[in-house]
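One-letter residues, chain by chain:
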Amino acid sequence: MAALPPASDIPHTPIERPGLAEHVLEAVQRRLDEHPEKMRRRRETVEHPFGTIKARMGATHFLMKRLKNVRTEMALSVLAYNLTRVMNIMGIAPLMAAMRA
């Protein structure tokens, strides 16, 4: 089997995004370039749950097919993540009491 060429030798093909105006993409990139700390903060706050779901729950890929089923699978994973967080923050007894109320 032949070795693959280095990534620098592979021609770059731009990704086409139908329906998304190029000026919108440029504006987003400009905002990111002007405020790189905002992307850093987003990574710290928003992307952490997805990494936790992937690592702790073994959700490396979706088991279901079709969008409706994948949405349900993701919703169950997020519910499990949120319940785990609530149990770690509040404790199980207060959570159970709140659920009974």
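## Regarding the overall build of the protein chain
Here comes step 1: Each helix and strand in the protein chain was counted, giving five helices and zero strands.
Here comes step 2: In the protein chain, the succession of helices and strands from N to C terminus is α-α-α-α-α.
Here comes step 3: Relative to its 101 residues, the protein chain shows a buried fraction of 10%.
Here comes step 4: Counting every atom, the protein chain has about 9,300 Å² of accessible surface; 61% of that belongs to carbon and sulfur.

## Some remarks on unusual backbone geometry
Here comes step 1: Of note, the phi angle at Arg66 is positive, near 75°, even though the residue is not glycine.
Here comes step 2: Within the secondary structure, Arg66 is located in the loop between α3 (47-56) and α4 (67-90).
Here comes step 3: Classification of Arg66 by relative accessible area gives exposed; the value is 71%.

## Some points on the packing of helix α2 (residues 36-45) against α3
When two helices pack together, their arrangement is given by the angle between their axes and by how far apart the axes lie.
Here comes step 1: Put simply, α2 and α3 touch, their axes get as near as 4 Å, and they point 35° apart. Along the contact surface, α2 presents Met39, Arg42, Arg43, Glu44 and Thr45, while α3 presents Glu47, His48 and Pro49.
Here comes step 2: Residue classes in the contact of α2 with α3 are distributed as two nonpolar, two polar and four charged.

## Quick word on a nonpolar patch on the surface
Here comes step 1: The grouping of Leu76, Leu79, Leu83, Met87, Ile92, Met96 and Met99 at the surface amounts to a nonpolar patch, some 650 Å² of accessible area in total.
Here comes step 2: Breaking the nonpolar patch down by element, the ones donating at least two residues are α4 and α5 (92-100).
Here comes step 3: For Leu79, the location among the structural elements is in helix α4.

Calculation notes
- Residues numbered from 1 in each chain as written.
- Predicted model: local features only at pLDDT ≥ 70, side-chain atom pairs only at ≥ 80, totals over all residues.
- Heavy atoms only, no water.
- Helix = DSSP H or I, 4+ residues; strand = E, 2+ residues; numbered from the N terminus.
- Buried < 20%, exposed > 50% of the residue type's maximum accessible area, 1.4 Å probe, protein only.
- Areas by Shrake-Rupley, 256 points an atom, 1.4 Å probe, with all protein chains shown as cover.
- Axes fitted to C-alpha atoms, helices over the stretch in contact; angles between N-to-C directions.
- Contact = heavy atoms within 4.5 Å.
- Nonpolar A, V, L, I, M, F, W, Y, C, P; charged D, E, K, R; others polar.
- Patch = residues over 30% accessible without salt bridge, like charges linked within 9 Å, V, L, I, M, F, W, Y side chains within 5 Å.
- Salt bridge = Lys/Arg side-chain N within 4 Å of Asp/Glu carboxyl O.

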